[in-house]
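Coordinates in review
Here's the letter readout for the chains.
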Number of protein chains: 2
Amino acid sequence: MEQILLPKGFLSCAKNVGIKDNTPDFTVIYSETRAAAAAMFTKNQFCGAPVTVGKEHIKNGFLQAFVVNSKNANVATGQQGIEDVQTIVEVVAKELGIESADILPSSTGVIGVPLPVQKIVKGIPGLKNELKKDGLKDSAEAIMTTDTFAKFRSTEINGIKLCAIAKGSGMIEPNMATMLSYIMTDAEIEPAALKAILKRAVDVSFNMVSVDSDTSTSDTVAAMANGLAGPVDLEKFEEALTDMLISLAKDLAKDGEGATKLVEVQVDGAQNNDEAKLMMKSIINSPLVKTAIFGADPNWGRIISTIGNADYPIKPEKVCVSFGDITVFNEGEPAESDLDELTKYLEGNEIIISISLGDGQGKATGWGCDLSYDYVKINGEYTT
Amino acid sequence: MEQILLPKGFLSCAKNVGIKDNTPDFTVIYSETRAAAAAMFTKNQFCGAPVTVGKEHIKNGFLQAFVVNSKNANVATGQQGIEDVQTIVEVVAKELGIESADILPSSTGVIGVPLPVQKIVKGIPGLKNELKKDGLKDSAEAIMTTDTFAKFRSTEINGIKLCAIAKGSGMIEPNMATMLSYIMTDAEIEPAALKAILKRAVDVSFNMVSVDSDTSTSDTVAAMANGLAGPVDLEKFEEALTDMLISLAKDLAKDGEGATKLVEVQVDGAQNNDEAKLMMKSIINSPLVKTAIFGADPNWGRIISTIGNADYPIKPEKVCVSFGDITVFNEGEPAESDLDELTKYLEGNEIIISISLGDGQGKATGWGCDLSYDYVKINGEYTT
């Protein structure tokens, strides 16, 4: 993919500072003017040191830079971890000539290993001269861990630009915010409005993805709106943002560790949207469903079993289940489905599972992936 | 392992009736006298047809036989499934000369495929003559699905015998009852006392096992006490039963689909036992923890992240984590642990993870297994 231009007044750079190997591991995304900002963070109670610091910095609703390293999460590193983030933020602030408190820091990678802060500090001087308008793809690469492709999107509405990058491949089940994603726009939006729009967009995109039911300690989604392109129709902006984040969410699921297939689960007829989401998550996270999809095994009984495990009462006699257009279970009875046809469908690389509970108006759509040999390989050999 | 003798008055037989292939797939365990009985069943809302029938038959607290087939679960088979169970129960009752209502039926295997009821019915005549006192190991084999070894135990207290068999290897996270397990004793115990003892013993044994966080549609634990050896000290009986079921529970975890290691997770210092159990389950079920253990990857940060995802407030600064005797995290700070030593420990085949939350008296111990390539293989190719 080609580089994409950042919105007005935004610049970025990405580089290797040698945290683990010689691949890009550090990026700064900067706005020439202070920007309205909003962010959502992991609900994990062992949140990373950068999350602790970032939560303070976002409080007033303004930021001027995102600073992110990969290869080390700076999590479970105690008081030293906090001091290390502060050091990095101060050195970057000095280099860019901005306030430390206007920087949102993030780190992603291994947990429990002290951050090699001196390596990062050495990589900062001169960085301001490396900033450019067309380097966002490099930033998307610099925040990758086990991701196999860089995730970035761009859109425009009436002359307003909107860009975002994201990373995430394992330890992904955002409950509140998500893995890492940064959104930049030159639209003029008040911090409070930006925060509300971001939350709603994340709720139907990143919060609907699960790769392995583990919520990372570092999850962060943050947005800066620097206003340089003037005001925007907020409804259209929210629609564009939501579409963009759904595309990125599907990229995350498709790039789940070891994934060979994107799985979309649509649930309707639940008593409310929360119950539909719970059901969607339980299907997306079932190792038995995920391995059957990997092996294109037409074992639809595993969906039935997972539905039956719902934490709330369902009406078994109303339940219908389909894979694509193939109905396998209809109002509590097995449908006369062609298992060969189902196997063929499961051999594709995008699988849609639809579940109707027949018990209300609640619905939810979410995304995940299959569970393959490579998931085991990647996660059995992560630190070694 | 050698065959074990059943308690007084119990007989069993196991055979192949051709449900799927030529391995044993059908067993009957019979008491010569009507026995006090108790049972616990799956909480899955799509419970199997035999579970629906079994719940009715156990209501009065008496049984005289267990009848079990493997290779087909008779789940999601609609009204026909119920009729098929009733047919089998009636034919067995006639053969044994007992009441249909004194039979507890179970089925385990693939979901959503009609039970080949005629094959089973053809295998029943003459079965009474095949019953013997020393065939329990064969019964344990006949109820296996993806299990790699037969699970059976026997114990004695003051002349009272206590035997049990169990099966289960995948789709295992009993929340209330468990996979299949049948317990036979010649002790004299009232149905109500038997039920209470069974529940307490299951709560600290089978209910503490999870292979893949999926609760099967067919889970059943049932006990018969025919009283032929006279009364028993109930406290000692409960202790012996609990020990026996814990041994079987560990067998189940050890034989989890594709498992190469038994994992024991001990949690203490939680605010109460329920919270300790939730924490234990979240560690036992984390795919990231399970794959790291499979690969002997000393990536203890995954335990920290999983602890942080608890649904209730923890005190991160109090948390301690050890693998065997190796402490990796001590009161909120990384301990100076030797990662090579940790790798060596993780290469063993029994891994103990201890977590202290430092926040109360609640505790729980549970068992699971690692997540290997073979789990993916077994479950990607199950029906095909």
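For clarity, every value in this text was computed on a predicted model and none was experimentally measured.

1. Brief notes about the overall build of chain A
Each helix and strand in chain A was counted, giving twelve helices and 14 strands. Taken over C-alpha atoms, the radius of gyration comes to 22 Å for chain A, in line with the 21 Å a tight globule of 384 residues would show. If you line up chain A on its principal axes, its C-alpha atoms span 70 × 50 × 35 Å. Each of the 384 residues in chain A was classed as buried or not, and the buried ones make up 62%. The long-range fraction of contacts in chain A, counting pairs at least 24 apart against all pairs at least 6 apart in sequence, stands at 80%. For chain A, the exposed surface amounts to about 14,100 Å²; the carbon and sulfur share of it is 48%. Positive and negative side-chain charges of chain A, numbering 35 and 53 respectively, have mean locations separated by a distance of 5 Å.

2. Let's talk about the interface of chain A and chain B
With 60 residues of chain A in contact, the opposing surface of chain B contributes 60 residues. Note on chain A versus chain B: buried area summed over both sides is about 4,400 Å², and carbon and sulfur give 58% of it. For the interface between chain A and chain B, the tally reads zero salt bridges. The interface formed by chain A and chain B includes eight residue pairs in polar contact (both at pLDDT 80 or more). Looking at which element gives the most residues to the side of chain A that touches chain B, the answer is helix α10 (residues 301-308) of chain A, with seven residues. The residue inventory of the side of chain A that touches chain B, partitioned by class, reads 26 nonpolar, 25 polar and nine charged.

3. A few points about the sheet that holds strand β12 (residues 333-334) of chain A
Residues and elements named next belong to chain A. Read across the sheet, six strands follow the order β12-β11-β10-β13-β9-β14 without closing on themselves; strand pairing throughout is mixed. Edge positions in the sheet fall to β12 and β14 (362-369), since each has one partner strand and no second. Sitting on the sheet, helix α7 (residues 234-254) is in contact with β9 (262-270), β13 (350-356) and β14, with an inclination near 45 degrees to β14. Strand contacts of helix α8 (residues 273-285): β9, β13 and β14, with the helix running at about 25 degrees to β14, the strand carrying the most contacts.

4. Re the pairing of β9 of chain A
Residue and element names in this part refer to chain A. Counted residue by residue, β9 has seven buried out of nine residues, so it is predominantly covered. Pairing between β9 and β13: seven bridges, direction parallel. Counted as the bridge partner of Val265 is Ile353 from β13. Bridging between β9 and β14 involves seven bridges; their strand directions are antiparallel. Among the inter-strand pairings, Glu264 is bridged to a residue of β14, identified as Trp367.

5. A short note on the pattern of salt bridges
Residues and elements named next belong to chain A. As enumerated under the stated definition, the model contains 22 salt bridges over all chains in all. A salt bridge links Lys315 to Asp359; the shortest N-O distance between them is 2.5 Å. Taken together, the residues span a long stretch of sequence, with Lys315 in the loop between α10 and β10 (320-323) and Asp359 in the loop between β13 and β14 at a distance of 44 residues. Exposure remark for Lys315: the relative accessible area of 33% places this residue in the partly exposed category. Where salt bridges share partners, they join Asp147, Lys151 and Asp255 into one cluster.

6. Overview of unusual backbone geometry
One non-glycine residue, Asn74 of chain A, lies in positive phi territory at about 50 degrees. Among the secondary structure elements, Asn74 of chain A is positioned in the loop between β3 (62-69) and α2 (78-96). Of the residues examined, Asn74 of chain A reaches a relative accessible area of 1% and is grouped as buried. Although it is not a glycine, Ala296 of chain B sits at a positive phi angle of roughly 50 degrees. Note that Ala296 of chain B resides in the loop between α9 (287-294) and α10 (301-308). Since its relative accessible area comes to 7%, Ala296 of chain B is described here as buried.

7. Brief notes about the side chain of His57 of chain A
All names here are of chain A. By secondary structure assignment, the location of His57 is in helix α1 (residues 49-58). For His57, a relative accessible area of 15% puts it in the buried group. Among all residues touching His57, those that are not within four sequence positions of it are Phe62, Leu63, Val89, Ser100, Ala101 and Ile103.

8. Looking at the packing of α1 of chain A against α2 of chain A
Residue and element names in this part refer to chain A. Packing of α1 against α2 leaves a shortest axis separation of 8 Å and a crossing angle of 55 degrees. Of the possible angle classes, the one that applies to α1 and α2 is oblique. The crossing of α1 and α2 is right-handed. In this structure, α1 contributes Ala49, Pro50, Thr52, Val53 and His57 to the contact, and α2 contributes Gly81, Ile82, Val85 and Val89. Looking at the contact of α1 with α2, its residues break down into six nonpolar, three polar and no charged.

9. Points about helix α12 (residues 373-380) of chain A
Within α12 of chain A the residues assigned to the buried category are Tyr375, Val376, Asn379 and Gly380 of chain A. Projected down its long axis, α12 of chain A shows its buried positions confined to an angular sector of 115 degrees, all on one face. Buried residues along α12 of chain A sit in contact with α9, α10 and α12 (373-380) of chain B. You can read the cap of α12 of chain A off the contacts: a side-chain oxygen lies 3.1 Å from the backbone nitrogen of Asp374 of chain A, and it is on Ser372 of chain A.

10. What to know about the environment of Thr146 of chain A
Inspection of the secondary structure assignment puts Thr146 of chain A in the loop between α5 (136-142) and β5 (151-157). Thr146 of chain A sits in the buried class, given a relative accessible area of 19%.

11. Notes on a negative patch on the surface
All names here are of chain A. A cluster of acidic side chains, namely Asp233, Glu235, Glu239 and Asp243, defines a negative patch on the protein surface. When you line up the elements, Asp243 lands in helix α7. The class of Asp243 is partly exposed, set by a relative accessible area of 46%.

12. Observations concerning the UniProt feature "binding site: substrate" (unreviewed entry) in chain A
UniProt tags Thr145, Lys167, Thr178, Glu257, Asn379 and Thr384 of chain A as "binding site: substrate" (unreviewed entry). Here Glu257 of chain A shows up in the loop between α7 and β9.

13. A short note on the relation of the copies chain A and chain B
When chain A is brought onto chain B, the operation consists of a screw motion whose angular component is 180 degrees and whose axial shift is 0.0 Å, with 0.1 Å RMSD remaining. Given the turn and translation reported, the copies of this chain are related as if by a two-fold rotation axis. Every residue of chain A has its C-alpha some distance from the rotation axis, and the shortest such distance is that of Tyr373 of chain A, at 2.6 Å. A high fraction, 100%, of the interface residues of chain A reappear at the interface in chain B, so the copies pair face to face through one surface.

14. A closer look at the sheet that holds strand β13 (residues 350-356) of chain B
Residues and elements named next belong to chain B. In spatial order, the strands read β12-β11-β10-β13-β9-β14; together these six strands make up an open sheet with mixed pairing. The open sheet terminates on both sides in strands that have one partner only, identified here as β12 (333-334) and β14 (362-369). On top of the sheet, helix α8 (residues 273-285) reaches β9 (262-270), β13 and β14; it is set at about 25 degrees to β14, its chief contact.

15. Some details on helix α11 (residues 339-346) of chain B
For an α-helix, 3.6 residues make a turn, and residues three or four places apart therefore share a direction. All names here are of chain B. Among the residues making up α11, those that are buried are Leu342, Thr343 and Leu346. Angularly, the buried residues of α11 cover 100 degrees about the axis, an arc narrow enough to put them on a single face. For α11, the exposed residues set more than 90 degrees away from the buried face come down to Asp340 and Lys344. Summarising the contacts, the buried residues of α11 are in contact with α9, β10 (320-323), β11 (326-330) and β13. Two or three places before Asp340, at the opening of α11, Asp338 has a side-chain oxygen 2.9 Å from that residue's backbone nitrogen.

16. Structural notes on the pairing of strand β8 (residues 220-225) of chain A
Residues and elements named next belong to chain A. A large share of β8 lies buried, amounting to six of its six residues. Of the two faces of β8, the one holding Thr220, Ala222 and Met224 and the one holding Val221, Ala223 and Ala225 are both buried throughout. In the sheet, strand β2 (residues 26-41) pairs with β8 via six bridges, with the strands oriented antiparallel. Counted as the bridge partner of Ala38 is Ala223 from β8. In terms of strand pairing, strand β7 (residues 180-185) meets β8 through six bridges, oriented parallel. Residue Thr185 lies in a different strand from β8, and its bridge partner there is Ala225.

Calculation criteria
- Residues numbered from 1 in each chain as written.
- Chains lettered and ligands numbered in written order.
- Predicted model: local features only at pLDDT ≥ 70, side-chain atom pairs only at ≥ 80, totals over all residues.
- Heavy atoms only, no water.
- Helix = DSSP H or I, 4+ residues; strand = E, 2+ residues; numbered from the N terminus.
- Rg over C-alpha atoms; globule rule 2.2 N^0.38 Å.
- Buried < 20%, exposed > 50% of the residue type's maximum accessible area, 1.4 Å probe, protein only.
- Contact = heavy atoms within 4.5 Å.
- Areas by Shrake-Rupley, 256 points an atom, 1.4 Å probe, with all protein chains shown as cover.
- Lys, Arg positive; Asp, Glu negative; His and termini not counted.
- Charge placed at Lys NZ, Arg CZ, Asp CG, Glu CD.
- Buried area = accessible area lost by both parts, 1.4 Å probe.
- Salt bridge = Lys/Arg side-chain N within 4 Å of Asp/Glu carboxyl O.
- Polar contact = N/O pair within 3.5 Å; in protein donor to acceptor, adjacent residues only side chain to side chain.
- Nonpolar A, V, L, I, M, F, W, Y, C, P; charged D, E, K, R; others polar.
- Pairing = 2+ DSSP bridges.
- Axes fitted to C-alpha atoms, helices over the stretch in contact; angles between N-to-C directions.
- Parallel < 35°, antiparallel > 145°, perpendicular 65-115°, else oblique.
- Left-handed = near helix turned anticlockwise from the far one by under 90°.
- Arc of directions from axis to C-beta.
- Patch = residues over 30% accessible without salt bridge, like charges linked within 9 Å, V, L, I, M, F, W, Y side chains within 5 Å.
- UniProt positions renumbered as here; feature names shortened; annotations may be inferred.
- Least-squares fit on C-alpha atoms with pLDDT ≥ 70 in both.

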